[in-house]
Amino acid sequence: MLTEKILNEFEEYLMSGRLEEDFGYSAEDRKLEILELLERFMDLAEEVDKVATRLLMPNLGKTFPPKDE
């Protein structure tokens, strides 16, 4: 399970510029790994938004069904 401590540490790493600094000094394979991790975080953020919406507005799906259905 994720904890607020872990999220805070990642936020600090991201916001401080250290991630970008690490990227700049990394070998090409590590740069690719960093980019893949960031892409995964962006994908997860989309899922987080969906779950949060369902939790906060459980009847919304009945009013506005998902477009892919």
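The following paragraphs examine the structure supplied in this document. Being a predicted model, the structure only gives us computed values, none of them experimental.

## Quick word on a negative patch on the surface
Taken together, the side chains of E36, E39, D43, E46 and D49 make up a negatively charged region of the molecular surface. Within the secondary structure layout, D43 lies in helix α3 (residues 28-56). Overall, the relative accessible area of 43% leaves D43 in the partly exposed class.

## Focus on the layout of surface pockets
One number sums up the size of the second largest pocket: a volume of about 250 Å³. Counting only elements with at least two residues in the lining of the second largest pocket, the list comes to α1 (4-15) and α3. A per-element tally of the lining of the second largest pocket places α3 first, with four residues. Here the lining of the second largest pocket is built from residues that sort into eight nonpolar, no polar and no charged.

## Overview of the packing of α1 against helix α2 (residues 18-25)
Here α1 crosses α2 at 65 degrees, and the two axes come no closer than 5 Å. Residues E12, Y13 and L14 of α1 form the contact with α2, whose own contacting residues are R18, L19 and D22. Taken together, the residues of the contact of α1 with α2 sort by class into three nonpolar, no polar and three charged.

## Regarding the pattern of salt bridges
This model, assessed by the stated rule, comprises five salt bridges. Its salt-bridge partner being K5, residue E9 comes within 2.6 Å of it at the nearest N-O pair. Residue E9 and its partner K5 are both found in helix α1; the two are separated by four residues, about one turn of the helix. A relative accessible area of 56% places K5 in the exposed class. Across the salt bridge formed by K50 and E47, the nearest N and O atoms sit 3.3 Å from each other. Residue K50 and its partner E47 are both found in helix α3; the two are separated by three residues, about one turn of the helix.

## Section: the packing of aromatic side chains
Tallied over the full model, the rule gives one aromatic pair. The cationic tip of K31 hangs over the ring face of F23; the distance from NZ or CZ to the ring centre is 5.4 Å.

## A closer look at a nonpolar patch on the surface
Together, V51, L55, L56, M57 and L60 give the surface a local cluster of nonpolar side chains, amounting to about 490 Å² of exposed area. A per-element tally of the nonpolar patch places α3 first, with three residues. Among the structural elements, L60 can be located in helix α4 (residues 60-63).

Calculation notes
- Residues numbered from 1 in each chain as written.
- Predicted model: local features only at pLDDT ≥ 70, side-chain atom pairs only at ≥ 80, totals over all residues.
- Heavy atoms only, no water.
- Patch = residues over 30% accessible without salt bridge, like charges linked within 9 Å, V, L, I, M, F, W, Y side chains within 5 Å.
- Areas by Shrake-Rupley, 256 points an atom, 1.4 Å probe, with all protein chains shown as cover.
- Salt bridge = Lys/Arg side-chain N within 4 Å of Asp/Glu carboxyl O.
- Lys, Arg positive; Asp, Glu negative; His and termini not counted.
- Charge placed at Lys NZ, Arg CZ, Asp CG, Glu CD.
- Helix = DSSP H or I, 4+ residues; strand = E, 2+ residues; numbered from the N terminus.
- Buried < 20%, exposed > 50% of the residue type's maximum accessible area, 1.4 Å probe, protein only.
- 1 Å grid on protein atoms, 1.4 Å probe; cavity = no way out; pocket = protein on both sides within 12 Å on 5 of 7 lines; lining within 4 Å.
- Points joined across faces, edges and corners; volume = space filled by probe spheres on them.
- Nonpolar A, V, L, I, M, F, W, Y, C, P; charged D, E, K, R; others polar.
- Axes fitted to C-alpha atoms, helices over the stretch in contact; angles between N-to-C directions.
- Contact = heavy atoms within 4.5 Å.
- Phe/Tyr/Trp six-rings, centres within 6.5 Å; stacked < 30°, edge-to-face > 60°.
- Lys NZ or Arg CZ within 6 Å of the ring centre and 35° of its normal.

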